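Observations on the model geometry
Take a look at the letters that make up each chain.
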Amino acid sequence: MLKLLSKIKIEDEIEYIVEDEESKKKHIINYNELSEQIKLGNIKFKGNKIISKIKAFDKLKIVGENNSEFENVSKSKNNYKFKSNVFIGKNLDNEIKMSDSLNERYFVKEITNYINSNSIKLLGIYGLRRTGKTVGMFKAIRKLLNEGKNNVAYIICNSKLRMRDLLNDIDILVNDGYRYIFIDEITYIRDFINDCSILANYYTMSGIRLIITGTNSFGLLLASNEELFDRITILDVTYISYKEYKYLFGKKTTIKDYINSGGLLTDNMFYNINTFNNYYNTAIYDNLAYSIVYYEYKRERMYLGIPRENLRSALIKILDIDSKNFTVKSLLKRFKSRDLSSALQILDKKYDISSRINSQEISEELRYYLSIKNWDTEYDMKSDMSKIGLETVEKYLQAIGVIYPFCGDNIYIIPGLRTYKCKELINILVNRDFDNLESDLKEKLKNTIINDVEGLTLEDIILYNTIYLVNKKNDENRKDLFEFDKYNVSKERFVELGNKEIDMIVYNSENNSCIEYEIKHSSVVDTSQYKWLIDKEVQRKIIYKYGNINKRVVLYLGESKIVNDVVPIEYKNIEEYLLQLEDDLDKFINQVK
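Presented here is an overview of the structure given in this document. (Residues numbered from 1 in each chain as written. Predicted model: local features only at pLDDT ≥ 70, side-chain atom pairs only at ≥ 80, totals over all residues. Heavy atoms only, no water.)

Let us now look at the sheet that holds strand E6 (residues 122-126). Spatially, the 6 strands line up as an open sheet ordered E5-E7-E8-E9-E6-E10, and their pairing is mixed. Strands at the two margins of the open sheet, each flanked by one partner only, are strand E5 (85-87) and strand E10 (232-236). Along the sheet, successive strands turn relative to each other by an average axial angle of 20°, direction set aside. Its contacts with the sheet place helix H2 (residues 89-96) against E5 and strand E7 (152-156), and it is angled at close to 65° to E7. With respect to the sheet, helix H4 (residues 133-146) is in contact with E6, E7, strand E8 (180-184) and strand E9 (209-213), its orientation differing from that of E8 by roughly 165°. (Pairing = 2+ DSSP bridges. Helix = DSSP H or I, 4+ residues; strand = E, 2+ residues; numbered from the N terminus. Axes fitted to C-alpha atoms, helices over the stretch in contact; angles between N-to-C directions. Contact = heavy atoms within 4.5 Å.)

This is the structure:
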């Protein structure tokens, strides 16, 4: 067993003095050697302070902890020599002022809980760009400052730093009495993934509260499964529910804003192709690519299933494929005939549009453009990409919070990503394939199809808002790690009954009951909207699989009401549903068995 005595600096390199407990011999080892010994459990710490700097001396000389050549300069406020951007005191107060006028995200409470806990782990805030990670840290810092705790520091890292530089800065702060240290953009440090274990192995174990985050969130995830395994609590903040979104942006915010802004804390990210590409490249591609490169630093290559240089095109292709599938699904949901001439029925019949175009030609054009051989087939356009490669990249997208697999499809957690691509696709289709229509009719056709896409997006939003809270309830009520989920969300499609389907089912296994939902992008009540909710064959199958039907609900854009005296159907306003969802789920879960 080795005892860590002190930390020294020799010719701009940080080294460590350790003592063998058996032989009492002292040795100087470098950072990589120290990390390896820590991972093996061979290091014991002495005291709460590590000396940050000494005068240069002969590397071969064994120096004891009390040697007069050591010079601890970290106590002198005039001699701070930080290598990263460190904000303390008035500089910190000025840095976080910009967030004071903003509403805080829900996860700030989790940061505060961590700060007040006895945890010996790091806290890692994990999420895509523009989801409020930095502002969330600022809010937590402000709470500490308002409590009179001035031993708070905020560090911004950059790509020029190495872990030894960050450790140098943390040592200076710790030795000067700082106990709450927030580190932003830590994933920019090239050797972070490989050499981050000392953050937890020394600092947090001695009572320091360390909160870290970074733009390349995938790197934080990799580190949590490797060097920081069981040493870090991960707080995933990418997802912003509609309820939280409305709280952050005010009462005037609508569900349409949420559909189009993408659930990000900005309203112009998906405004045009330039802003869209900038976000996609930095938040998703760079996030994955840079993290993979840093992970491979001193490690084996990560297996992608595709050449790494093709990662960007693979990511774009997956989004394109999903967008095309989504658009086709929207078209087929609207059009009862597979011939596109029926699409034109969505416009006023007085324009006599269908007689003025070659619907068969347009249908073939669309099939060709969307790579669909048959309208009646499932929309599988992924055959030209390695199945293994596709699955691996999709798992990475799932890991960083872009997609959530559900019933064979991908739900986009930030809906604006796919909504924008679908609108781009629709613009291309209408402008190219409907040349014979007047411009105003083209616009009506385009807007109607976009409206359908938004309707399908709304269905995904409702599904994921519900799934997220149901999963949260499962976690809260799970008595042990291996207990099965008590509650789940699903959808049903009965092929044997002519593809009759129920949009969403929430099931409670504790009392063997469920709630059925149909989701409609409409503000008008129509009996056809709930026909499967009262269909005897469909309901027989639902009861067989999900038990007693607690309620039958149509979620729509109109006023909440009850219709149909024979089988009561609850019409629930979508916005009300999303805002009251957690309370309604609690009532359903807590019903008497």
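Among the 9 residues in helix H8 (residues 217-225), 7 count as buried, and that is most of the element. What H8 keeps buried is the set Ser 217, Phe 218, Gly 219, Leu 220, Leu 222, Ala 223 and Ser 224. (Buried < 20%, exposed > 50% of the residue type's maximum accessible area, 1.4 Å probe, protein only.)

Let us now look at the pattern of salt bridges. Considering all chains together, one arrives at 30 salt bridges under this definition. Notably, a salt bridge pairs Glu 454 with Lys 256, separated by 2.6 Å at the nearest N-O pair. Pair noted here: Glu 454 is in helix H16 (residues 439-477) and Lys 256 is in helix H10 (residues 255-261), with a separation of 198 residues, a long-range link. The exposure class of Lys 256 is partly exposed, given its relative accessible area of 44%. A network of salt bridges, in which partner residues are shared, links Lys 472, Lys 473, Glu 476, Glu 582 and Asp 586. (Salt bridge = Lys/Arg side-chain N within 4 Å of Asp/Glu carboxyl O.)

For the rest of this paragraph, the subject is the side chain of Thr 131. Structurally, the position occupied by Thr 131 is in the loop between E6 and H4. You can call Thr 131 buried: its relative accessible area is 0%. At 2.5 Å, the side chain of Thr 131 and the backbone oxygen of Leu 128 are in polar contact. The residues contacting Thr 131, other than those within four sequence positions of it, are Arg 105, Phe 107, Val 237, Thr 238, Ile 240, Leu 264 and Leu 265. (Polar contact = N/O pair within 3.5 Å; in protein donor to acceptor, adjacent residues only side chain to side chain.)

Estimated volume of the second largest pocket: approximately 1400 Å³. The wall of the second largest pocket is formed by 45 residues, among which Leu 235, Asp 236, Tyr 239, Tyr 468 and Lys 472 lie closest to the centre. Here the element with the most residues in the lining of the second largest pocket is H16; it accounts for 9 residues. Tallied by class, the residues present in the lining of the second largest pocket amount to 23 nonpolar, 11 polar and 11 charged. (1 Å grid on protein atoms, 1.4 Å probe; cavity = no way out; pocket = protein on both sides within 12 Å on 5 of 7 lines; lining within 4 Å. Points joined across faces, edges and corners; volume = space filled by probe spheres on them. Nonpolar A, V, L, I, M, F, W, Y, C, P; charged D, E, K, R; others polar.)

For the rest of this paragraph, the subject is the nonpolar core. Grouped together as the largest cluster of nonpolar side chains are 72 residues, with contacts concentrated most on Ile 183, Phe 192, Leu 199 and Leu 417. Among the elements that make up this core, the one with the highest residue count is helix H11 (residues 273-295) (9 residues). When sequence neighbours within four positions are dropped, the list of residues in contact with Ile 183 reads Met 137, Ile 155, Cys 157, Leu 166, Ile 170, Leu 210, Ile 211, Ile 212 and Thr 213. The next biggest cluster of nonpolar side chains, apart from the first, holds 35 residues, and it includes Tyr 258, Val 489, Ile 519 and Leu 578. (Core = buried A, V, L, I, M, F, W, Y, C linked by side-chain atoms within 4.5 Å.)

Despite not being glycine, Arg 130 has its phi angle at roughly 65°, a positive value. Of note, the phi angle at Cys 407 is positive, near 50°, even though the residue is not glycine. As for its position among the elements, Cys 407 is in the loop between strand E11 (403-406) and strand E12 (409-412).

What the 6 strands build is an open sheet, ordered E13-E14-E15-E16-E18-E17; its pairing is mixed. Of all the strands in the sheet, just strand E13 (487-494) and strand E17 (561-563) have a single pairing partner and so form its edges. In this sheet, adjacent strand axes meet at a mean angle of 30° when their direction is disregarded. Bridging between E13 and strand E14 (residues 500-508) involves 7 bridges; their strand directions are antiparallel. From the neighbouring strand, Tyr 487 faces E14, where its bridge partner is Asn 508. Relative to E14, helix H17 (residues 536-546) is tilted by about 25°, and along the sheet it contacts E13, E14, strand E15 (513-519) and strand E16 (548-556). Strands in contact with helix H18 (residues 574-589) are E13, E14, E15, E16 and strand E18 (569-573); relative to E18, the strand with the most contacts, it is inclined by about 125°.

Moving on to the pairing of E16. Bridge analysis of E15 against E16 gives 7 bridges, and the strand direction is parallel. Pairing of Cys 514 across the sheet is with Ile 549, part of E16. Judged from the 4 bridges that link them, E16 and E18 form a sheet pairing that is parallel. Paired with Leu 555 across the two strands is Lys 572, which belongs to E18.

Shape descriptors only; they carry no functional weight alone.
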